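The chain contents come next:
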Amino acid sequence: MKTRSKALTLRLALATTALATLPFVGASSAMAEEESIPEECALTISSNDQMQFDQSELAVPASCSTVSLTLEHSGSMDKTTMGHNWVLAATEDYEDVAKEGMQAGPDAGYLPADDDRVLAATDVIGGGESTTIEFSTEGLAGKDLTFFCSFPGHYSLMKGTFQVTES
Ligand code: CO
């Protein structure tokens, strides 16, 4: 009697576990598809009305195959007057990309179209806005990279280094 009751309890426990787990597994695998980026591969950088980024050095370990980069704008000025984006290029290319981007104009996001020198780029945002991109780190490890804002006149102040650190 004692054994039987134990077995029944075990069966009930297993049934309960199965019932409780099934929907959870579904939800968790759906979440995994959307949020598969490890914490150390997710970066956030903020910008403001004073034409500044809040960081001048960003880095991720080479174990990050994909980087999630969130750009925030803590100011209140419109994107037509104090717009910011986050653009990644080789350090040797970034000034040329910024100058050509300026000429490309706002509809092009202040970036030359279909340009391989642009390794990653967010949309231009204004005060109170935020935007997130994901990009691959393939081929970036150990390279001398610069991030900057390509809004006209911003890149000389709004820039920093980006590293994919080889361990
Ligand atoms: Co800017």
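Anyway, here's the lowdown on the structure attached to this text. Predicted model only: the values in this text are computed from it and were never measured. Counting starts from 1 at the beginning of each chain's written sequence and moves along it residue by residue. Totals for whole chains, interfaces and linings use all residues, but because this is a predicted model, local features are given only for residues with pLDDT of at least 70 and pairs of side-chain atoms are given and counted only at 80 or more. By convention in this description, side-chain values take in all heavy atoms of the structure and omit both hydrogens and water.

1. Points about the packing of aromatic side chains
- Between rings of Phe, Tyr and Trp, where Trp is taken as its six-membered ring, a pair exists when centres lie within 6.5 Å; planes separated by under 30 degrees are stacked, by over 60 edge-to-face, and by other angles tilted. Inspection of every chain in the model, using the stated rule, returns 8 aromatic pairs.
- Aromatic pair tyrosine 110 and phenylalanine 151: ring centres 5.1 Å apart, planes at 65 degrees, arrangement edge-to-face. One end of the pair, tyrosine 110, is in the loop between helix 3 (94-104) and strand 5 (120-121); the other, phenylalanine 151, is in the loop between strand 7 (145-148) and strand 8 (159-165), with 41 residues separating them in the sequence. The secondary structure listing takes helices from DSSP runs of H or I that are at least 4 residues long and strands from runs of E that are at least 2 residues long, numbered from the N terminus.

2. So, the nonpolar core
- Residues belong to a common nonpolar core when they are buried Ala, Val, Leu, Ile, Met, Phe, Trp, Tyr or Cys residues joined through side-chain atoms within 4.5 Å. Think of it in three bands: with a 1.4 Å probe and only protein chains considered, a residue is buried below 20% of the maximum accessible area for its type, exposed above 50%, and partly exposed in between. Trp86, Leu88, Phe135 and Phe162 are the most contacted members of the largest nonpolar core, which totals 26 residues.
- Contributions of two or more residues to this core are made by strand 1 (42-47), strand 2 (57-61), strand 3 (66-73), strand 6 (130-136), strand 7 and strand 8.
- In terms of residue count, strand 3 provides more of this core than any other element does, 3 residues in total.
- Beyond its immediate chain neighbours, meaning those up to four positions away, leucine 88 contacts Arg117, Val118, Leu119, Ala120, Phe135, Leu140, Leu145, Thr146, Phe147 and Phe162.
- Counting 9 residues, the second-largest nonpolar core is a separate cluster that includes Tyr94, Val97, Phe148 and Tyr155. Contacts: residue pairs with any heavy atoms within 4.5 Å of one another.

3. As for the coordination of the cobalt ion
- In this structure, His84 (ND1), Cys149 (SG) and His154 (ND1) serve as the protein donors to the cobalt ion, at separations of 2.1 to 2.2 Å.
- Donor criterion used throughout: N, O or S atom within 2.8 Å of the metal, extended to 3.2 Å for Na, K and Ca. Water excluded; incomplete-looking sites may result. Of note, the donors binding the cobalt ion are all from one chain and are spaced H-x64-C-x4-H. Of the two residues, histidine 84 is situated in the loop between helix 2 (79-82) and strand 4 (87-90) and histidine 154 in the loop between strand 7 and strand 8; the sequence distance between them amounts to 70 residues.
- The exposure class of histidine 84 is buried, given its relative accessible area of 0%.
- A residue is classified by how much of its surface remains accessible, and histidine 154, at 3% relative accessible area, is buried.

4. What to know about the sheet that holds strand 6
- Whether two strands pair comes down to DSSP finding at least two bridges between them. The strand order across the open sheet built from 3 strands is 1-3-6, with neighbouring strands paired in mixed fashion. Edge strands, defined here as strands with exactly one partner in the open sheet, are strand 1 and strand 6. The sheet shows a mean angle of 20 degrees between the axes of neighbouring strands, direction not considered.
- Here strand 1 pairs with strand 3 via 6 bridges, running parallel. Of the residues in strand 3, the one forming a bridge with serine 46 is glutamate 72. Angles shown run from 0 to 180 degrees and are taken between the N-to-C directions of axes, each axis being a line fitted to C-alpha atoms and, for helices, limited to the stretch in contact.

Just geometry here; none of it tells us what the structure is for.
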